[in-house]
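A structural walkthrough
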Amino acid sequence: MRAFTLLCCIFLLLQPLRMAAQDDKICGTDAYHQRLLKSEPAYQRTRQEIKRKLKNFQANDTPLPEKEVTIPVVFHVVTNGISAPENLSKWRIYDQLIALNEEFARTVTDSMLGLQYPPQWASIYSQDTRIRFCLANTDPNGKPTSGITRTMTEIPQFEPDSDIVKFTDMGGRDGWPRDDYLNVWICDLDSTSGVAGYATYPGGSAWFDGVVVDYYYFGRGDIPNLSPIQNAGRTLVHEVGHWLDLIHVWGEENPVFDPTAADPDCTTDDEVGDTPLQAVPNLSCDYTVSCGSTDMLINFMNYSPDPCNLVFTREQARRMWATLSPGGFRYPVTQSDKGCRDIQMRQRE
């Protein structure tokens, strides 16, 4: 009995350390993307074609459209138990969706940033991406839906380098057709991986398409089972950015996490003209210089904590529209008739 009590005490003492170790927002998209490039020749060819079309779009200097586009979203909650922390309430999901729309509309103002950023950056922020998201109101069979599915699983944690969370017969939940929906899976990702979420770039298989987010980084506010420093809902913003073809500000390769390295890699970038070159991710709200200019730590496609992870640039917004415009890989979802459901949070159950 004493041994059991001691083990319980040790477990409880280690829990704060485990949670603290989780608070750095690490994205698994790069590793996922590199694996597909090596294992799927068709994916590599499609990505090359997407990049070719992107260059043509960028060369035409096409402005953002005046009309907004709205993308139906379905959230697949995959949980190991009714009372498990990953079985998030619909209210937390609603509020996360509201946060997603607020960030893509850039409701934050320069005066709210509260950071001493280089003044020239103010001219390159996207004031509004014109991209919106709503809960799906019709499922693939034409029946009404809440836009949220819930699936019980015997799998306690999912590996971020595996896609089993996306398949019902493997213990997850099948995605809905990507031409009609953005699929977002919420689950418990392996806590030892340090991965907060990952996404598919345009160009992959329809069976795998979408975004996966660990429950601990999903939602906003000072609430239970949510990272205390990644609690503004911006992990989903980051991953949806990938889904819309944005890459990390330092490029597609997995970087070495050492900003003091004597020879930082400044040869790769994010293929966006108005973000400064950067060698490594920012993991704090302290400005650093890695490639001769100040790293844009306030960019959503960085790894900065949520309090200083705040903006897309204008060219990033245009890159997202390249995939949403006619002929773009994500264009079909802009024509979907599967949304939108009202999520006004008028009362709590």
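Here's what I pulled together on the structure shown here. Note that the structure is predicted; figures quoted are calculated from it, not measured. Within any chain, residue numbers begin from 1 and follow the written order of that chain's sequence. Where local features are concerned, this predicted model is filtered to residues with pLDDT of at least 70; where side-chain atom pairs are given and counted, the filter is 80 or more; whole-chain, interface and lining totals use all residues. Hydrogens and waters are ignored; side-chain quantities use all the structure's heavy atoms.

Comments concerning the overall build of the protein chain
- Counting from the N terminus, the helices are the DSSP runs of H or I reaching at least four residues and the strands are the DSSP runs of E reaching at least two. Broken down by element type, the protein chain carries 8 helices and 8 strands.
- Contacts are assigned to residue pairs with any non-hydrogen atoms lying within 4.5 Å of each other. Relative to all contacts within the protein chain whose residues are 6 or more apart in sequence, the contacts with residues 24 or more apart total 72%.
- With residues, only the protein chains shown are counted as cover, and all accessible areas are computed by Shrake-Rupley using a 1.4 Å probe. Carbon and sulfur atoms form 55% of the exposed surface of the protein chain, whose accessible area is close to 16000 Å².

Quick word on the state of the cysteines
- Counting rule for disulfides: a pair of cysteine sulfur atoms within 2.5 Å. All chains considered together, the criterion is met by 3 disulfides.
- Between the sulfur atoms of Cys134 and its disulfide partner Cys340 the distance amounts to 1.9 Å. Looking down the S-S bond of the Cys134 and Cys340 bridge, the torsion is -70 degrees, so its handedness is left-handed. Here Cys134, found in strand E3 (residues 131-136), pairs with Cys340, found in strand E8 (residues 339-341); they are 206 residues apart in sequence, far enough to count as distant.
- Relative accessible area serves as the criterion here: at 7%, Cys134 is assigned to the buried category.
- Exposure is judged per residue with a 1.4 Å probe applied to protein chains only, and the accessible area is read against the type maximum: over 50% gives exposed, under 20% gives buried, and values in between give partly exposed. The exposure class assigned to Cys340 is partly exposed, which follows from its relative accessible area of 40%.
- Between the sulfur of Cys266 and that of Cys291 lies a disulfide, 2.0 Å long from S to S. Given an S-S torsion of about -95 degrees, the disulfide between Cys266 and Cys291 has left-handed geometry. On the criterion of sequence distance, the pair formed by Cys266 in the loop between helix H6 (234-243) and helix H7 (314-324) and Cys291 in the loop between H6 and H7 is long-range, its members being 25 residues apart.
- Judged by relative accessible area, which is 18%, Cys291 ranks as buried.
- Ordinal numbering of bonded cysteines along the protein chain defines a disulfide pattern of 1-6, 2-4, 3-5.

Observations concerning the side chain of Asp214
- As for its placement among the helices and strands, Asp214 is situated in strand E7 (residues 211-214).
- A polar contact of 2.9 Å, which involves the side chain of Asp214, links it to the backbone nitrogen of Leu189.
- A polar contact of 2.8 Å, which involves the side chain of Asp214, links it to the backbone nitrogen of Tyr216.
- Beyond its immediate stretch of four places on either side in the chain, Asp214 contacts Cys187, Asp188, Leu189, Val195 and Ala196. N or O atoms closer than or at 3.5 Å make up a polar contact, with two conditions inside protein: a donor-capable atom paired with an acceptor-capable one, and, for residues adjacent in sequence, both atoms drawn from side chains.

Details of the packing of aromatic side chains
- To pair, rings of Phe, Tyr and Trp, with the six-membered ring standing in for Trp, must have centres within 6.5 Å; the planes then decide the type, stacked if under 30 degrees apart, edge-to-face if over 60, and tilted in the middle. For the coordinates displayed, the defined rule picks out 11 aromatic pairs.
- When the ring of Phe75 is compared with that of Phe218, the centres are 5.8 Å apart and the planes differ by 80 degrees; the resulting orientation is edge-to-face. Linking Phe75 in strand E2 (residues 69-79) with Phe218 in the loop between E7 and H6, this pair joins segments that are 143 residues apart in sequence. As far as burial versus exposure is concerned, Phe75 and Phe218 are alike and both buried.
- A centroid spacing of 5.0 Å and a plane angle of 75 degrees characterise the contact between Phe104 and Phe133, whose relative ring orientation is edge-to-face. On the criterion of sequence distance, the pair formed by Phe104 in helix H4 (residues 90-105) and Phe133 in strand E3 is long-range, its members being 29 residues apart. Both residues of the pair, Phe104 and Phe133, belong to the buried class.
- Three or more aromatic residues joined by ring pairs form one cluster here, namely Phe104, Phe133, Phe300 and Phe312.

Topic: the nonpolar core
- As used in this record, nonpolar core signifies buried Ala, Val, Leu, Ile, Met, Phe, Trp, Tyr and Cys residues forming a set joined through side-chain atoms within 4.5 Å. By size, the foremost hydrophobic cluster in this structure holds 48 residues, and its most contacted members are Phe75, Phe104, Ile131 and Phe133.
- Per-element accounting of this core gives the leading share, 6 residues, to H4.
- In this structure, Ile155, Leu189, Val195 and Tyr201 belong to the second largest nonpolar core, which totals 15 residues.

Points about the side chain of Asp128
- Along the polypeptide, Asp128 turns up in the loop between helix H5 (110-113) and E3.
- Those residues in contact with Asp128 that sit more than four places away from it in its chain are Leu64, Phe104 and Ala105.

Observations regarding the packing of helix H3 (residues 41-59) against H7
- Direction vectors running N to C along H3 and H7 enclose 120 degrees, while the axes themselves pass 10 Å from each other. By the angle class used here, H3 and H7 are oblique. In the crossing of H3 with H7, the sense of the turn from one axis to the other is right-handed. Along its contact with H3, which presents Arg47, Lys51, Leu54, Phe57 and Gln58, the element H7 presents Arg318, Arg319, Trp321 and Ala322.
- Ten residues, namely Ala, Val, Leu, Ile, Met, Phe, Trp, Tyr, Cys and Pro, are considered nonpolar, four, namely Asp, Glu, Lys and Arg, are considered charged, and the remaining ones, Gly among them, are considered polar. The residue makeup of the contact of H3 with H7, split by class, is 4 nonpolar, 1 polar and 4 charged. To obtain an axis, a line is fitted to C-alpha atoms, over the contacting stretch when the element is a helix, and the angle between two such axes runs from 0 to 180 degrees between their N-to-C directions. Reported orientations rely on four angle classes, namely roughly parallel under 35 degrees, roughly antiparallel over 145, roughly perpendicular from 65 to 115, and oblique for the rest. Note on convention: the crossing is left-handed when the near helix lies turned anticlockwise from the far helix by less than a right angle, right-handed when the turn is clockwise.

Overview of unusual backbone geometry
- For the peptide bond that leads from Gly339 to Cys340, omega is 15 degrees, which places it in the cis range.
- The phi dihedral of Arg130 is positive, around 70 degrees, even though this residue is not glycine.
- The backbone of Glu271 shows a phi angle near 60 degrees, a positive value even though the residue is not glycine.
- Turning to its location among the elements, Glu271 is positioned in the loop between H6 and H7.
- Using a relative accessible area of 29% as the deciding quantity, one classes Glu271 as partly exposed.

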